[in-house]
Amino acid sequence: MATEAELKQWVTMEPELLASNSEVLLQAGREEMLKLCSELEMVVSCHEARRDQLRETKKVEQKWLEEKKQALEAANDHVKRLQVEKGKLSEHSILQDTKAKIHKMKVYNERLMECLGEILEKHVPLPHNESSTNKKKKNITQELDGDLISLNEILEVLMNKVLNTPHDPYVTVDNTFWPPYVEMLLRYGIAVRHQESNFKIRLETFC
């Protein structure tokens, strides 16, 4: 290689004195020193310019990083807000769905009660006593018949009591309850008596 050959030549070469005059040597040394100082000043200037450029780049990147952090925080806040809104919407949806189901159950219950009322009215009508010929006795019977409530109404009273006051589901049996109806409800396990009072009944709990 030419470079290696030149390097070997320079290594083996002994330096020769440029001049024997000390003034000339001093002047040459001064020029070399000035040249070297100029080159070093250029290097320093380049490094300072590079340093200033890096500082500006650092400022720009720090500003960019700060903006990205703010954007990330804003995005996280937006995500949290959306999650909260989604949770509220979910709760609202569940509430609306529950209300719809309750409404359907009420409609179904009303239809069921209507059907039950029609069946009971047809097959278990209110008692009537038309065989009496005594006018006074007949008037008393009609008055009693007017006070009595139907089996369907008895069942509605029992069911409403359970729904409205589940902690106290018992209903007091009065003169509006026809005794044969009460006995039928007790006999077939639809209603049960109070343990301490025979004049109170409640709807049986069906599982």
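Look up: the structure comes first, before these words.
It should be emphasised that the depicted structure is a prediction, and the values quoted were computed from it without experimental measurement. (Residues numbered from 1 in each chain as written. Predicted model: local features only at pLDDT ≥ 70, side-chain atom pairs only at ≥ 80, totals over all residues. Heavy atoms only, no water.)

(A) Region of the structure containing a nonpolar patch on the surface. The grouping of M33, L36 and L40 at the surface amounts to a nonpolar patch, some 290 Å² of accessible area in total. Considering the arrangement of structural elements, one finds M33 in helix α2 (residues 22–123). (Patch = residues over 30% accessible without salt bridge, like charges linked within 9 Å, V, L, I, M, F, W, Y side chains within 5 Å. Areas by Shrake-Rupley, 256 points an atom, 1.4 Å probe, with all protein chains shown as cover. Salt bridge = Lys/Arg side-chain N within 4 Å of Asp/Glu carboxyl O. Helix = DSSP H or I, 4+ residues; strand = E, 2+ residues; numbered from the N terminus.)

(B) View of the pattern of salt bridges. Enumeration according to the criterion identifies 4 salt bridges in this entry. Between K101 and D97 there is a salt bridge, and its shortest N-O distance comes to 3.4 Å. You can see K101 and its partner D97 sitting in helix α2, 4 residues apart, about one turn around the helix.

(C) A look at the packing of α2 against helix α4 (residues 151–164). Remark: α2 packs on α4, axes separated minimally by 8 Å, with the N-to-C direction vectors making an angle of 145°. On α4, the residues that touch M113, L116, G117 and L120 of α2 are L151, N152, L155, E156 and M159. Here the residues of the contact of α2 with α4 are counted per class, giving 6 nonpolar, 2 polar and 1 charged. (Axes fitted to C-alpha atoms, helices over the stretch in contact; angles between N-to-C directions. Contact = heavy atoms within 4.5 Å. Nonpolar A, V, L, I, M, F, W, Y, C, P; charged D, E, K, R; others polar.)

(D) Main features of a negative patch on the surface. On the surface, E66, E67, E73 and D77 cluster together to form a negatively charged patch. Here E73 is to be found in helix α2. (Lys, Arg positive; Asp, Glu negative; His and termini not counted. Charge placed at Lys NZ, Arg CZ, Asp CG, Glu CD.)

(E) Here's a closer look at the side chain of N152. Here N152 shows up in helix α4. By relative accessible area, which is 14% here, N152 ends up buried. Those residues in contact with N152, other than ones at most four positions away along the chain, are M113, L116, G117 and L120. (Buried < 20%, exposed > 50% of the residue type's maximum accessible area, 1.4 Å probe, protein only.)

(F) Fine view of the nonpolar core. Core analysis: the biggest nonpolar cluster contains 16 residues, and I154, L158, F177, V182, L185 and I201 have the highest contact counts within it. Excluding its chain neighbours within four sequence positions, the residues that come into contact with V182 are V173, F177 and I201. (Core = buried A, V, L, I, M, F, W, Y, C linked by side-chain atoms within 4.5 Å.)

(G) Representation of the packing of α4 against helix α5 (residues 179–187). With their axes 10 Å apart at the nearest point, α4 and α5 run at an angle of 60° to one another. Between α4 and α5, the crossing angle belongs to the class labelled oblique. As for the relative orientation of α4 and α5, their crossing is right-handed in sense. Contacts between α4 and α5 involve L151, I154, L155 and L158 from the first element and Y181, M184 and L185 from the second. Along the lines of polarity and charge, the residues of the contact of α4 with α5 split into 7 nonpolar, no polar and no charged. (Parallel < 35°, antiparallel > 145°, perpendicular 65-115°, else oblique. Left-handed = near helix turned anticlockwise from the far one by under 90°.)

(H) Main features of the packing of aromatic side chains. By the definition in use, this model includes 1 aromatic pair. Seen in terms of ring centroids, W178 and Y181 are 5.0 Å apart; in terms of plane orientation they differ by 85°. Their pairing is edge-to-face. (Phe/Tyr/Trp six-rings, centres within 6.5 Å; stacked < 30°, edge-to-face > 60°.)

(I) Highlighting the environment of I149. Along the chain, I149 falls in the loop between α3 (135–147) and α4. Apart from the residues within four sequence positions on either side, I149 is in contact with L126, I154, T176, F177 and Y181.

(J) Looking closely at the pairing of strand β3 (residues 200–203). By the bridge criterion, 2 bridges tie strand β1 (residues 171–172) to β3 in an arrangement that is antiparallel. Counted as the bridge partner of V171 is I201 from β3. Of the strand pairs in this sheet, strand β2 (residues 191–193) and β3 are connected by 3 bridges, and their pairing is antiparallel. Considered in β3, the bridge of A191 is made with L203. In textbook terms, the turn of a hairpin is the stretch between consecutive antiparallel strands, and for β2 and β3 this stretch comprises 6 residues. (Pairing = 2+ DSSP bridges.)

(K) Representation of α2. Taking 1.5 Å per residue as the helical rise, α2 with its 102 residues ought to reach 152 Å, and the 146 Å between its terminal C-alpha atoms agrees with that figure. Looking only at α2, the buried set comprises M113, G117 and L120. Buried-residue contacts for α2 involve α4. (Expected span 1.5 Å × (residues − 1).)

None of the figures reported here should be taken as evidence of function without further support.
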